[in-house]
Structures are given as C-alpha cells and as structure tokens.
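What follows is each chain in one-letter form.
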Amino acid sequence: MGHAIALVNPKNQTGGPETMLSLQQVAMFINASDDRDAELAALALGEKNQAIWIIDQASQEVLLANRVALDANCKPPREVLAKDISALWDEEPLRELTELVHRDSLVRDHTNRGYRWHKEPGSEVWLRKKHDFTVDYAEVNFLGRVCRFEIVKEALAV
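Definitions and cut-offs
- Residues numbered from 1 in each chain as written.
- Predicted model: local features only at pLDDT ≥ 70, side-chain atom pairs only at ≥ 80, totals over all residues.
- Heavy atoms only, no water.
- Salt bridge = Lys/Arg side-chain N within 4 Å of Asp/Glu carboxyl O.
- Helix = DSSP H or I, 4+ residues; strand = E, 2+ residues; numbered from the N terminus.
- Buried < 20%, exposed > 50% of the residue type's maximum accessible area, 1.4 Å probe, protein only.
- 1 Å grid on protein atoms, 1.4 Å probe; cavity = no way out; pocket = protein on both sides within 12 Å on 5 of 7 lines; lining within 4 Å.
- Points joined across faces, edges and corners; volume = space filled by probe spheres on them.
- Pairing = 2+ DSSP bridges.
- Axes fitted to C-alpha atoms, helices over the stretch in contact; angles between N-to-C directions.
- Arc of directions from axis to C-beta.
- Contact = heavy atoms within 4.5 Å.
- pLDDT = per-residue confidence, 0-100.
- Polar contact = N/O pair within 3.5 Å; in protein donor to acceptor, adjacent residues only side chain to side chain.

Asks: Please give an account of the pattern of salt bridges that cites residues and values.
Replies: Side chains bearing opposite charge may pair, as long as their charged atoms lie close to each other. Enumeration according to the criterion identifies twelve salt bridges in this entry. Between K153 and D109 there is a salt bridge, with its nearest N and O atoms 2.4 Å apart. Placement of the pair is K153 in strand β5 (residues 145–157) and D109 in strand β3 (residues 106–118), with a sequence separation of 44 residues. By relative accessible area, which is 39% here, K153 ends up partly exposed. For K119, the salt bridge is made with E124, and the minimal N-O distance between the two is 3.8 Å. Residue E124 is classed as exposed on the basis of its relative accessible area of 67%. Linked through salt bridges whose partners overlap, the residues forming this network are D56, E61 and R145.

Structure follows, in structure tokens:
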C-alpha cells in the first residue's frame, strides 16, 4: 500500500494554514506490527477541524477522542473517554459497520444514522439526538487492541 498523503489547507481565523486529517495519513498504520500508539494519538489529537475517535472494535470503548469530538457530544470527557459508545448507535448498523471495517480495513465516505448526546436547557437528563454522519474509517491497532479510527467528515441533525 502506498503512503501518499493528501492534505487540504483551509485558512484558520487568524489566516494561518491548517491541515485536515485524511484517511491516507491513517492508512499507513493499518496492519502495522510495531508500536505506533503515540503517532496515532498525535494524529487524532492534532486534528482541529474534524471529530476524531479511536474506538475498540470489540467492546466499543472510546479509547481516544479529540476536542472536536468531545465538544460535539456535549458530555464532559470523563463521561465519554473509556466508556462504551454503543448507546449512540442502533444495534444492527453498529454490528454491520464493525464487520465492514474489519473486512475492508479502510472505508471512505460511509454514511450512517446515529446519535449525539444532547441536553435541553435547564434539564439534567441526557437525551440522544439523531444525526446523519459521513465518516472515514480505518482499522488500526491501538493500545494493543483492534480499533476503529474514525474521521467524522459531516454530521447533520435529523
């Protein structure tokens, strides 16, 4: 597999260039036999424009999420990190996605319906709000686990 890197360079509010993480950058970590955890974490945490998740494929535990992902789901990091994310999915689509990512290793522009956490003003109760997502996925090894690296390209409330 080649290691071509495609970058998009939009301007941030102060006029300096920023890059958006691409699936090609993550692809070099597929089937990597050496310890690449720090590099994967740096890629995910360095992304400032798109929500990035690293999720254990077997347990659906959130192992890492960048600030964009955490802010989009409204819950504090301690309520998201190291927690099962399957509540934000319907059971069958999650099972199908897990199988697809495992089979294909790289999945581009996958669309699915899922949820984000939401609270009504003045309420203490967390609700799930439906969204349609477009996401790039890659299966990677992270912290000794088979994981789904997710780049959320679009999330539209339904």
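Asks: Explain empty space enclosed by the protein to me, using residue names and the numbers behind them.
Replies: Under the definition given, this model contains one cavity of 30 Å³ or more. There is about 170 Å³ of room inside the largest cavity. Lining the largest cavity are 15 residues, and of these W53, W89, Y115, F133 and E150 sit closest to its centre. At the level of elements, β1 (51–56), β3, β4 (127–142) and β5 are the ones that each hand at least two residues to the lining of the largest cavity.

Asks: Got a sec to walk through the sheet that holds β5? Specific residues and values, please.
Replies: On the basis of which strands lie adjacent, the open sheet formed by five strands has the order β2-β1-β5-β4-β3 and antiparallel pairing. Each of the sheet's edge strands pairs with one partner strand only, and the pair in question is β2 (62–65) and β3. For this sheet the average axis-to-axis angle between neighbouring strands, irrespective of direction, equals 30°. With twelve bridges connecting them, β4 and β5 associate as antiparallel partners.

Asks: Can you break down helix α2 (residues 37–46) residue by residue, with the values?
Replies: Every buried residue of α2 is listed here: D37, L40, A41 and A44. When α2 is viewed along its axis, its buried side chains cluster within an angular range of 100° and face the same direction. Seen from the buried face of α2, the exposed residues on the opposite side, beyond 90 degrees, are A38 and A42. Elements in contact with the buried residues of α2: β1, β2, β4 and β5.

Asks: Got a sec to walk through the confidence of the model for the protein? Specific residues and values, please.
Replies: Per-residue pLDDT for the protein has a mean of 85; in total, 85% of the residues score no lower than 70. Segment residues 1–17 is flagged for pLDDT under 50; beyond a separation of four residues in sequence, or across chains, it makes 23 contacts in the model.

Asks: Tell me about the side chain of E150, and name the residues and values.
Replies: Position of E150 among the secondary structure elements: in strand β5. Residue class for E150 comes out buried when judged on its relative accessible area of 6%. A polar side-chain atom of E150 sits 2.6 Å from a polar atom in the side chain of R148. Residues contacting E150, with those up to four places away along its chain left out, are A51, I52, W53, I55, V135, D136 and Y137.

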